[in-house]
Amino acid sequence: MSNSLLADAGQRLEQALKYTSLSEDAIASLKYPKASLAVSIPVRMDDGSLSVFQGYRVRYDDSRGPGKGGVRYHPSVTLDEVQSLAFWMTFKCAALNLPFGGAKGGITVNPKALSRLELERLSRGYIDAIADFIGADVDILAPDVYTNSMIMGWMMDQYSIIQRRSSPGVVTGKPIAMGGSLGRESATAMGAFFAIETIVPKFDRRPQDTTVAVQGFGNAGATIAELLFHAGYNVVAVSDSQGAIYAQSGLDIPKIRQFKNNARSIKDIYCDDTVCSITNHDVLSNEELLTLDVDILIPAALENQITEANASQIKARLIFEVANGPITSTADQTLEQNGIYVFPDILINAGGVTVSYFEWVQNRNGMYWTLDEVNQRLRRKMVEETERIWAIAQSRFIPMRTAAYVHALERLGEALDAKGTRRYYNGH
Ligand SMILES: NC(=O)C1=CN([C@@H]2O[C@H](COP(=O)(O)OP(=O)(O)OC[C@H]3O[C@@H](n4cnc5c(N)ncnc54)[C@H](O)[C@@H]3O)[C@@H](O)[C@H]2O)C=CC1
Ligand SMILES: O=C(O)CCC(=O)C(=O)O
């Protein structure tokens, strides 16, 4: 593997393999993505011109079931990034014991620069381009950065048009009216919250004595900040792509969410005290937020936020990775040396895909669950797998990330070996 995000992700696999007895065949199978599709998506723009966007869908491994993973719209999307995200999905689904493999998709685009109709044409064009690669039993899509239920609805509809039959199981995170599950919107953060509530008492901490900083204020970041706020934690800093705000006495998260929902940036809200009465806050950069002296740091934006460059300046005691891949493998080592506990993405943000699984199950049997049922099942799953991974980490004296990979690898190895060697004979 070259020097890339995927190569860095692969370091975690190497680290964990030392603690497993996986067969050589299984190890070899997990080192590369199973299939990567790159497509061009021509889109007629509102002014009549044609723009061509690059899109990707990667299935990393499907030994435990159909590929599963979100679709990201962001200007920095590359094939390498999508492959890494599909790698993480593989281990996340296995860690949570979901009957899925790992997949991910993305389009290199700044969605904020598109009109709603352009965005719809792009989303439908993406499905036209990848339709033969996906399916409810093959590879199932979902939301990720800068995609949402509205976009998932267009994608499901386009796929159904191509198939000439209603196909709700090909996409999760859909609008409720199109077969979406209650609780999927908040699921990533809700799952993280259940994991945090399981772990925090192990460190003899109480919410009211615990300060929290959250980087990223989208679906995952804003919701976890609000859940922690309501549970009594002192959320002192939050940020979006434009910058961060900090108040030692704590921030009123529901109020900030309200302003952010009106399409304003966090930094602006707090610079304009005529609009928002909260004062006594500082405006910080995203980099400064990461190095605040807090009890809990929650990166909930993008990859590679804590790297060799800033790892030694991190002062938080516990880091919960709500984003995928926010810490590089070298930064992990520095954090560990400094006694900082990292709770990994493949566990902490797994609530999203867990409720996606629930949505897929509901679509397949046509019976729909109440919000309480969804959240109770999510809680049970998150607490159970968090405790299992914690027990592995404690008994083998290894970091939680390595323990999560060991846990996932045991399940993946079993599935790969159960298929026998016939699968390696070029299909004969
Ligand atoms: N939405 C989901 O179901 C899941 C999301 N995740 C991960 O959570 C992370 C966030 O995703 P979502 O909340 O869904 O995306 P989103 O599109 O709802 O929000 C992204 C947020 O990150 C902020 N942001 C972008 N660049 C930033 C930067 N450089 N510094 C600080 N903030 C920045 C944006 O302003 C926005 O507030 C991603 O890593 C994603 O892969 C993980 C599991 C499931
Ligand atoms: O809900 C899903 O299927 C996947 C969500 C996702 O992309 C992720 O967990 O990173």
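The numbering scheme is per chain: residues are counted from 1 as the chain's sequence reads. All chains are assigned letters beginning with A, and all ligands numbers beginning with 1, in the order in which they are written. This being a predicted model, a pLDDT of at least 70 is required before a residue's local features are given, and a value of 80 or more before pairs of side-chain atoms are given or counted; all residues contribute to the totals for chains, interfaces and linings.

Per an unreviewed UniProt entry, the protein carries the name Glutamate dehydrogenase and comes from Myxacorys almedinensis A. The record in UniProt for the protein states the following under Sequence similarities (unreviewed entry): "Belongs to the Glu/Leu/Phe/Val dehydrogenases family." UniProt positions are given in the numbering used here, feature names are shortened, and annotations may be inferred rather than shown by experiment.

**Overview of the domain arrangement of the protein**
The accessible area lost on association of the parts is a frequent measure of interface size. The domain architecture assigned to the protein consists of domain 1 (36–174) and domain 2 (187–348). The distance between the C-alpha centroids of domain 1 and domain 2 comes to 28 Å. The interface of domain 1 with domain 2 comprises seven residues on the first partner and six residues on the second. Amino acids are sorted into nonpolar (Ala, Val, Leu, Ile, Met, Phe, Trp, Tyr, Cys and Pro), charged (Asp, Glu, Lys and Arg) and polar (every other residue, Gly among them). Of the residues that constitute the side of domain 1 that touches domain 2, the class distribution is five nonpolar, one polar and one charged. Where each domain starts and ends comes from a domain assignment, either automatic or drawn from a database. Two residues qualify as a contact pair if the distance between their C-beta atoms, derived from the backbone, is within 7 Å.

**Quick look at the site of ligand 1**
Proximity of a residue to a molecule or strand is defined by its backbone-placed C-beta atom lying within 6 Å of that partner. Around ligand 1, the surrounding shell holds 25 residues, and the nearest of these are Gly 218, Ala 220, Asp 240, Ala 323 and Gly 352. Runs of E in the DSSP output that reach at least two residues are strands. Runs of H or I that reach at least four are helices, and both are numbered from the N terminus. When residues of the shell around ligand 1 are traced back to their parent elements, those giving at least two are α7 (219–230) and β8 (234–240). At three residues, α7 tops the list of elements feeding residues into the shell around ligand 1. Here the residues of the shell around ligand 1 are counted per class, giving ten nonpolar, 13 polar and two charged. Both domains that meet at the shell around ligand 1, namely domain 1 (36–174) and domain 2 (187–348), each give it at least three residues.

**Focus: the packing of helix α1 (residues 5–17) against helix α3 (residues 79–95)**
Angular values range over 0 to 180 degrees, each being the angle between N-to-C directions of two axes fitted as lines to C-alpha atoms, with helices fitted over their stretch in contact. Relative orientation of the contacting elements α1 and α3 amounts to 20°, with a least axis distance of 8 Å. Relative to α3, the element α1 is oriented roughly parallel. Residue-level inspection shows Leu 5, Leu 6 and Ala 9 of α1 in contact with α3, the latter providing Asp 80, Glu 81, Gln 83, Ser 84, Phe 87 and Trp 88. Of the residues belonging to the contact of α1 with α3, the class tally is five nonpolar, two polar and two charged. If an angle is under 35 degrees, it is roughly parallel; if it is over 145, roughly antiparallel; if it lies from 65 to 115, roughly perpendicular; otherwise it is oblique.

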